[in-house]
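# An overview of the molecular structure
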Amino acid sequence: MGKIIAGINMTLDGFCDHTYGIADDELHQHYSELLGNIGTILYGRITYQLMEYWPPVVKNPTGNHAIDEFAVIMDSVPKIVFSRTLKKVGWESARIATRSFEDEVLALKQQSDKDILIGSPSLIVAARELNLVDQYQLCVHPVIVGKGLRLFNNIGDMTLLKLVKTKIFGSGAIVLYYEPVENTAGSVQ
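Residues numbered from 1 in each chain as written. Predicted model: local features only at pLDDT ≥ 70, side-chain atom pairs only at ≥ 80, totals over all residues. Heavy atoms only, no water.

### Some remarks on the sheet that holds strand β10 (residues 174-180)
Which entries qualify depends on this criterion: Following DSSP output, two strands are said to pair if at least two bridges run between them. By the criteria applied, helices consist of DSSP H or I runs no shorter than four residues and strands consist of E runs no shorter than two, each listed in order from the N terminus. Axis geometry follows a simple rule: fit a line to the C-alpha atoms, using only the stretch in contact for helices, then measure angles between N-to-C directions, giving values from 0 to 180 degrees.
Taken in spatial order, the eight strands line up as β5-β4-β3-β6-β1-β7-β10-β9 in an open sheet, and their pairing is mixed. On the outer flanks of this sheet lie β5 (94-96) and β9 (161-168), each paired with one strand and no other. Across the sheet, the axes of successive neighbouring strands diverge by a mean angle of 25°, strand direction being ignored. Sheet topology note: the β9/β10 ladder contains seven bridges and is antiparallel. In the sheet register, Leu161 faces β10, and the bridge partner there is Pro180.

### Things to note about the nonpolar core
Here is the rule we go by: Think of a nonpolar core as a cluster: buried Ala, Val, Leu, Ile, Met, Phe, Trp, Tyr and Cys residues, connected wherever their side-chain atoms sit within 4.5 Å. Between buried and exposed lies partly exposed: a residue is buried under 20% and exposed over 50% of the maximum accessible area for its type, with that area taken using a 1.4 Å probe on protein chains only. Only heavy atoms enter the contact rule, under which two residues are in contact if any of them lie within 4.5 Å.
If you look at the biggest cluster of nonpolar residues, it comprises 28 residues, and the most contacted ones within it are Leu35, Ile38, Ile41, Trp54 and Met74. Sorting the residues of this core by element identifies α1 (25-35), β3 (38-44), α2 (45-51), α3 (54-59), α4 (65-76), β5 and β10 as the ones contributing at least two each. When sequence neighbours within four positions are dropped, the list of residues in contact with Leu35 reads Ile41, Phe70, Ile73, Met74, Val77 and Leu117.

### A short note on the pairing of β10
When strand β7 (residues 135-141) meets β10, the two strands line up antiparallel, connected through five bridges. Within β10, the residue paired with Val140 across the bridge is Ile174. The hairpin formed by β9 and β10 contains five residues between the paired strands, and Gly172 there has a positive phi angle of roughly 100°.

### Quick notes on unusual backbone geometry
One non-glycine residue, Asn131, lies in positive phi territory at about 55°. As for its placement among the helices and strands, Asn131 is situated in the loop between α6 (121-129) and β7.

### Remarks on α6
An α-helix turns once every 3.6 residues. As a result, residues three or four positions apart point the same way. Turning to α6, its buried residues are Pro121, Leu123, Ile124, Val125, Ala127 and Arg128. Downstream of α6 by one or two residues, Asn131 has phi in the positive range, about 55°.

### So, the side chain of Lys79
This is how the line gets drawn: The charged-residue count follows a simple rule in which Lys and Arg add positive charge and Asp and Glu add negative charge, with His and chain termini not counted at all. By definition here, a salt bridge exists when the distance from a side-chain nitrogen of Lys or Arg to a carboxyl oxygen of Asp or Glu is within 4 Å. Two N or O atoms form a polar contact when they lie within 3.5 Å of each other; inside protein one atom must be a possible hydrogen donor and the other a possible acceptor, and for residues adjacent in sequence the pair counts only when both atoms belong to side chains.
Among the structural elements, Lys79 can be located in strand β4 (residues 79-82). Buried Lys79, no salt bridge; nearest opposite-charge side chain is Asp75, N-O distance 5.8 Å. Polar side-chain contacts of Lys79 include one of 2.3 Å to the backbone oxygen of Val77.

### Brief notes about the packing of α1 against α4
Cut-off, in case you're wondering: Here is the rule for angles: anything less than 35 degrees is roughly parallel, anything more than 145 is roughly antiparallel, 65 through 115 is roughly perpendicular, and the remaining ranges are oblique. Should the near helix be turned anticlockwise from the far one by less than a right angle, the crossing is left-handed, and should it be turned clockwise, the crossing is right-handed. Under this grouping Gly is polar, as are all residues other than the nonpolar Ala, Val, Leu, Ile, Met, Phe, Trp, Tyr, Cys and Pro and the charged Asp, Glu, Lys and Arg.
Running from amino to carboxyl end, α1 crosses α4 at an angle of 25°, the nearest separation of the two axes being 9 Å. Compared by their axis directions, α1 and α4 come out roughly parallel. Both α1 and α4 take part in a crossing whose hand is left-handed. Listed contacts from α4 to Asp25, His28, Gln29, Tyr31, Ser32 and Leu35 of α1 are Ala66, Ile67, Glu69, Phe70, Ile73 and Met74. Residue composition of the contact of α1 with α4, grouped by class: seven nonpolar, three polar and two charged.

Below, the structure written as structure tokens:
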């Protein structure tokens, strides 16, 4: 079984917004490598609609190798969208979730040895609450915006994490790789 990875871009002051990150070639290459090992991406409606930027890039490449390569990989990875308002999606590699979030994730985990990427703040929080996350990959950009959606807003209990790896980019962005710490009884805290 693959890992369930909660991956998101965020600002130094803790806000999640892909549009505030430093989307240079190095970052696109990093995400191309990550997506190459992903079997399915899980998105909420807002993030899914933001990512709909990429299919037109596949049809009309920019000429930038890193961006165009990312677009092709992003276009090909299967996506499941969790939404109460969307009834259909136009992206060929996407579908609307038909089961609860927990049931979809558990079924995907049983069906494939590839990793599952959760890429929306609300779904990351839901997965955390269900103790489904095997690894957090938080890409912190050296940007302070002072507004927006915080990733772990209104969390009622604590989760202990262990830093297992870091990756620093030339832009000053850093990916922090964390895994949940198990307590002595074997359950995740």
